[in-house]
Every structure is written in structure tokens, then in C-alpha cells.
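So you can see what is in the structure, the chains are spelled out below.
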Amino acid sequence: EQLERNFGVSFIGWHDLFREKGLKSLSNLDLNIWGSVEWEKTALNRFYRGRVYGSGLDDVYRHSKIVINFHHPTETSNGTNLRDFESTSNGALLISDYKPTLADLFVENKEIVFYRDINELPDLVSYYLKNEKERSVIAKAGQTAVLTNHTIESRVKGMMKIIESSVNISKHDK
């Protein structure tokens, strides 16, 4: 079943000045923001749709064409966040800042799209809003990658293989 994706560009998250700057650059592109109430006190308040939790997150992602991700700029790790997986598992195209760990998990421009400089964001978002077929192909591939490789079940299976091979190695060492 194909859902209507009636949100062009979505962001769900806390307000900070870095995110505000990035999202301001998208204010002419069907922007929708959910998250902390601090968004109401910004120049982006007209795009603020409120707070969203639980299954409401999935609803937003399922109805979004593109989801923007900003890992916090003070974050020094290469880590990921739940938005990387929640948005893609619901079939939205994720456009995220580049993180090496994320690049190890997804194929760039095949499963998700990266930006390396915040100034690239408006052109990338505009391009993928205009190119529905390409956007849909990447979003579907990202969804498949998450549902195949990044579910709790698949992670537990992977951990069990590591544990089993470790136990087998230990048995042979005795």
C-alpha cells in the first residue's frame, strides 16, 4: 500500500541554533518541524507542528517525502541516532549530515543521502523534492536496508553469532 506523503520536508528534534540555521535555509521548501516547544520562539515558528511521540513519530515519517537529520554539532563521536533508522524504516528519504559510522551502515546515494556542509542542504532537498522517482528508489532501498539489517532481531542474531563463535573457539582452546 502506497501512502500519501503529504509532508515535503520534515524534521523532528530539539531546537538548537545550528539546526535552526540549517532549517531556515529550507523555509521555502514545504518545511515541517516537530519537537521541543522552543521552536515556537524562533523565526521558524510557522513551520512548527508541535510535539510528537511514540507511534506519532512513525506517522510523521510515513507521511514525509524527506526527513532531515542533524547530529548535534558538538557530538565528537561518529555515532548515529534513532532518526537514522526510524525515518528510513518508514520509507522516507533521509538526508543526513555525514558520519563515518552511518556511511558504514548505508550506501551513500543508494540508501540515504549525505551532506557534508550545511550549505549543500537546500540544493539537495530541492533536487530530491523535484525528482520523485529517484527519491522513491533511494527511500525504498533505505527502508529495505533497515528492515533487513538494522532491526532488533537482526542485531540480536548478529550478536548471537559472535557469542557462539567465541564459545566455540573457547571450547577448542581447552
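Below: a short report on this structure. (Residues numbered from 1 in each chain as written. Predicted model: local features only at pLDDT ≥ 70, side-chain atom pairs only at ≥ 80, totals over all residues. Heavy atoms only, no water.)

## Details of the pattern of salt bridges
Reasoning step 1: Counted by the stated rule, this structure contains five salt bridges.
Reasoning step 2: Ionic pairing is found between K24 and E20, a salt bridge with its closest N-O pair at 3.6 Å. Placement of the pair is K24 and E20 together in helix α1 (residues 17-24), with a separation of four residues, close to one helical turn.
Reasoning step 3: We classify K24 as partly exposed; its relative accessible area is 42%.
Reasoning step 4: On the basis of relative accessible area, E20 is assigned to the buried category, the value being 11%.
Reasoning step 5: With its nearest N and O atoms 2.6 Å apart, the salt bridge here joins D59 to R62. Taken together, the residues span about one helical turn, with D59 and R62 both in helix α2 (residues 55-62) at a distance of three residues. (Salt bridge = Lys/Arg side-chain N within 4 Å of Asp/Glu carboxyl O. Helix = DSSP H or I, 4+ residues; strand = E, 2+ residues; numbered from the N terminus. Buried < 20%, exposed > 50% of the residue type's maximum accessible area, 1.4 Å probe, protein only.)

## A look at α1
Reasoning step 1: Among the residues making up α1, those that are buried are R19, E20, G22 and L23. The buried side chains of α1 occupy one side of the element, clustering within an arc of 165 degrees when seen end-on. The exposed set on the far side of α1, more than 90 degrees from its buried face, consists of L17 and K21.
Reasoning step 2: Turning to α1, the residues buried within the fold contact β1 (7-13), β2 (31-35), α3 (82-89) and α5 (121-130).
Reasoning step 3: Capping the start of α1, D16 holds a side-chain oxygen 3.1 Å from the backbone nitrogen of F18, two or three residues further along. (Arc of directions from axis to C-beta. Contact = heavy atoms within 4.5 Å. Polar contact = N/O pair within 3.5 Å; in protein donor to acceptor, adjacent residues only side chain to side chain.)

## Some thoughts on the sheet that holds strand β5 (residues 113-115)
Reasoning step 1: The sheet built from five strands is open, its strands ordered β2-β1-β3-β4-β5 with parallel pairing. Every other strand in the sheet has two partners, leaving β2 and β5 as the edge strands with one partner each. Sheet twist, expressed as the average angle between the axes of neighbouring strands with direction ignored, equals 25 degrees.
Reasoning step 2: With three bridges joining them, strand β4 (residues 93-97) and β5 adopt parallel strand pairing. By the bridge assignment, D97 is partnered in β5 with Y115.
Reasoning step 3: Taken strand by strand, α2 contacts β1, β2 and β3 (64-69), and its axis lies near 150 degrees from that of β1. (Pairing = 2+ DSSP bridges. Axes fitted to C-alpha atoms, helices over the stretch in contact; angles between N-to-C directions.)

## Here we look at the side chain of D97
Reasoning step 1: Here D97 is to be found in strand β4.
Reasoning step 2: K99 provides the closest opposite charge to the buried, unpaired D97, separated from it by 4.7 Å.
Reasoning step 3: Looking at D97, its side chain comes within polar contact range of the side chain of S96, at 3.2 Å.
Reasoning step 4: Residue contacts for D97: discarding those within four places in its chain leaves N69, F70, H71, L102, F114 and Y115. (Lys, Arg positive; Asp, Glu negative; His and termini not counted.)

## Considerations on helix α6 (residues 132-149)
Residues that lie three or four places apart on an α-helix share one face, since the helix turns once every 3.6 residues.
Reasoning step 1: Over its 18 residues, α6 runs 25 Å from end to end, which matches the ideal 26 Å to within 8%, given 1.5 Å per residue.
Reasoning step 2: For α6, every residue scored as buried is listed here: R135, I138, A139, G142, Q143, A145 and V146. For α6, the angular spread of the buried residues around the axis is 160 degrees, confining them to a single face. In α6, those exposed residues whose orientation departs by more than 90 degrees from the buried face are K133, V137 and K140. (Expected span 1.5 Å × (residues − 1).)

## Thoughts on a nonpolar patch on the surface
Reasoning step 1: The grouping of I152, V156, M159, M160, I163 and V167 at the surface amounts to a nonpolar patch, some 560 Å² of accessible area in total.
Reasoning step 2: Looking at the element boundaries, M160 is found in helix α7 (residues 152-173).
Reasoning step 3: On the basis of relative accessibility, which here comes to 39%, the residue M160 falls in the partly exposed class. (Patch = residues over 30% accessible without salt bridge, like charges linked within 9 Å, V, L, I, M, F, W, Y side chains within 5 Å. Areas by Shrake-Rupley, 256 points an atom, 1.4 Å probe, with all protein chains shown as cover.)

## Focus on the packing of aromatic side chains
Reasoning step 1: Across all of its chains, the model carries eight aromatic pairs by this definition.
Reasoning step 2: Judged by centre distance (6.0 Å) and plane angle (70 degrees), the ring pair of F11 and W39 falls under edge-to-face. A residue pair is termed long-range when its members are at least 10 positions apart, and F11 in strand β1 and W39 in the loop between β2 and α2 qualify at 28 residues. Accessibility classification places F11 together with W39 in one group, the buried group.
Reasoning step 3: Centre to centre, the rings of F85 and F106 are 5.9 Å apart; their planes meet at 40 degrees, and the pair counts as tilted. In this pair, F85 is assigned in helix α3 and F106 in the loop between α4 (100-105) and β5, connecting sequence segments 21 residues apart. In terms of burial, F85 and F106 fall into one category: buried. (Phe/Tyr/Trp six-rings, centres within 6.5 Å; stacked < 30°, edge-to-face > 60°.)

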